[in-house]
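Take a look at the letters that make up each chain.
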Amino acid sequence: MENIKKAYIAGGCFWGMEDLFRVRPGVVNTEVGYIGGENTNPTYENHPGHAEGLEITYDTRQTSYKELLDYFFRVHDPTTVDRQGNDRGSSYRSAIFLHDEEERQTAEEVIEIVNNSGRWNGRVVTQLEPMAEFWPAEGYHQDYLVKNPNGYTCHFERFGTFL
């Protein structure tokens, strides 16, 4: 279906990102996994260079890529390098994985809006990376906070929309 698209982001532990995005208007599916790393078939125990990422399947009739990125910058701290909450390392980097030049331009535009808002104490350090293969995480990571409602997360809505 031409109105169904996928976006790929990373913003720290994938559990919290998935839990928030799964209920967004227009989001039809989410899946956590590994993206942007060095090995094939990564696992939680072996994913060098991969970010804990989120695949978002969305309906363009109900939400836009720009609106998804707006929400992304509201639910994690995009000003910290390789860190979210208690999690540290490149697995927890802030990154957007881009399919094409149009997505790059949209990401750059939203980053400029976020930076100009002054809402965060620092500048956005989110990496804009070329699309890489997305490897779904193990089953126990999928829908983790639905299965474990008291599980760890450092993600929450911090601001209203930037747009």
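For clarity, every value in this text was computed on a predicted model and none was experimentally measured.

Visitor: Kindly report on unusual backbone geometry, identifying the contributing residues and their values.
Guide: Here the phi dihedral of aspartate 82 falls at roughly 55°; this positive angle occurs in a residue that is not glycine. In this structure, aspartate 82 sits in the loop between α2 (65-75) and β4 (83-84). Even without glycine at this site, aspartate 143 takes up a positive phi of about 55°. With respect to the helices and strands, aspartate 143 occurs in the loop between β8 (134-136) and α4 (144-147).

Visitor: A description of helix α3 (residues 101-117) should follow, citing residues and the corresponding values.
Guide: Here α3 contains 17 residues, and its C-alpha end-to-end distance of 24 Å stays within 8% of the 24 Å for a straight helix at 1.5 Å per residue. All of the buried residues along α3 are Glu103, Thr106, Ala107, Val110, Ile111, Val114 and Asn115. One side of α3 carries all its buried residues, which in axial view fall inside an arc of 170°. Turned more than 90 degrees away from the buried face of α3, the exposed residues are Glu102 and Asn116. Next to the buried residues of α3 lie β1 (4-11), α2, β6 (94-98) and β7 (127-130). N-capping of α3 is provided by aspartate 100, with a side-chain oxygen placed 3.2 Å from the backbone N of glutamate 102. Following α3 by one or two positions, glycine 118 adopts a phi angle in the positive range, close to 70°.

Visitor: Summarise the sheet that holds strand β3 (residues 51-59); cite the residues concerned and give the values.
Guide: In spatial order, the strands read β7-β6-β1-β3-β2-β8; together these 6 strands make up an open sheet with mixed pairing. The strands lining the two open edges of the sheet, one partner per strand, are β7 and β8. Averaged over all pairs of adjacent strands, the angle between strand axes in this sheet comes to 40°, irrespective of strand direction. As defined by bridge partners, strand β2 (residues 27-35) adjoins β3 across 8 bridges and the pair is classed as antiparallel. Note that in β3 the partner of valine 27 across the bridge is tyrosine 58. Packed on one face of the sheet, α2 meets β1, β2, β3 and β6 and runs near 165° to β6. Set on the sheet, α3 makes contact with β1, β6 and β7; between it and β6 the angle comes to about 150°.

Visitor: Describe the pattern of salt bridges, naming the residues involved and giving the relevant values.
Guide: One side chain can pair with another of opposite charge once the charged atoms of both are near each other. With the rule as written, the count across this model stands at 10 salt bridges. With a closest N to O distance of 2.5 Å, glutamate 109 and lysine 66 form a salt bridge. Here glutamate 109 is found in helix α3, whereas its partner lysine 66 is found in helix α2, with 43 residues between them in sequence. Among the charged side chains, a salt-bridge network with shared partners connects Glu18, Asp19, Arg22 and Asp143.

Cut-off values and rules
Residue positions are given per chain, counting from 1 as you read along its sequence in written order. In keeping with the model being predicted, local features are shown solely for residues with a pLDDT of at least 70 and side-chain atom pairs are shown and tallied solely at 80 or more, while totals for entire chains, interfaces and linings include all residues. Hydrogens and water molecules were not included; the side-chain quantities draw on all heavy atoms of the structure. The helix count covers DSSP runs of H or I at least four residues long, the strand count covers runs of E at least two residues long, and both are numbered beginning at the N terminus. Between the first and last residue of a helix there are one fewer steps than residues, each counted as 1.5 Å, and that sum is the expected span. Exposed residues in this analysis have more than 50% of their type's maximum accessible area, buried residues have under 20%, and partly exposed residues fall in between, with area computed by a 1.4 Å probe over protein chains only. In this context, the arc is that of the directions from the helix axis out to the C-beta atoms. Here, two residues are considered to be in contact whenever any of their heavy atoms come within 4.5 Å of each other. Counting of polar contacts relies on pairs of N or O atoms within 3.5 Å, with two restrictions inside protein: one atom must be capable of donating a hydrogen and the other of accepting it, and residues adjacent in sequence are counted only when both atoms are side-chain atoms. DSSP calls a pair of strands paired once it identifies at least 2 bridges connecting them. Where helices are involved, their axes are fitted lines through C-alpha atoms of the stretch in contact, as for all axes, and angles between N-to-C directions lie from 0 to 180°. Each reported salt bridge corresponds to a side-chain nitrogen of Lys or Arg within 4 Å of a carboxyl oxygen of Asp or Glu.

Spatial relationships are all this shows, so hold off on functional conclusions.
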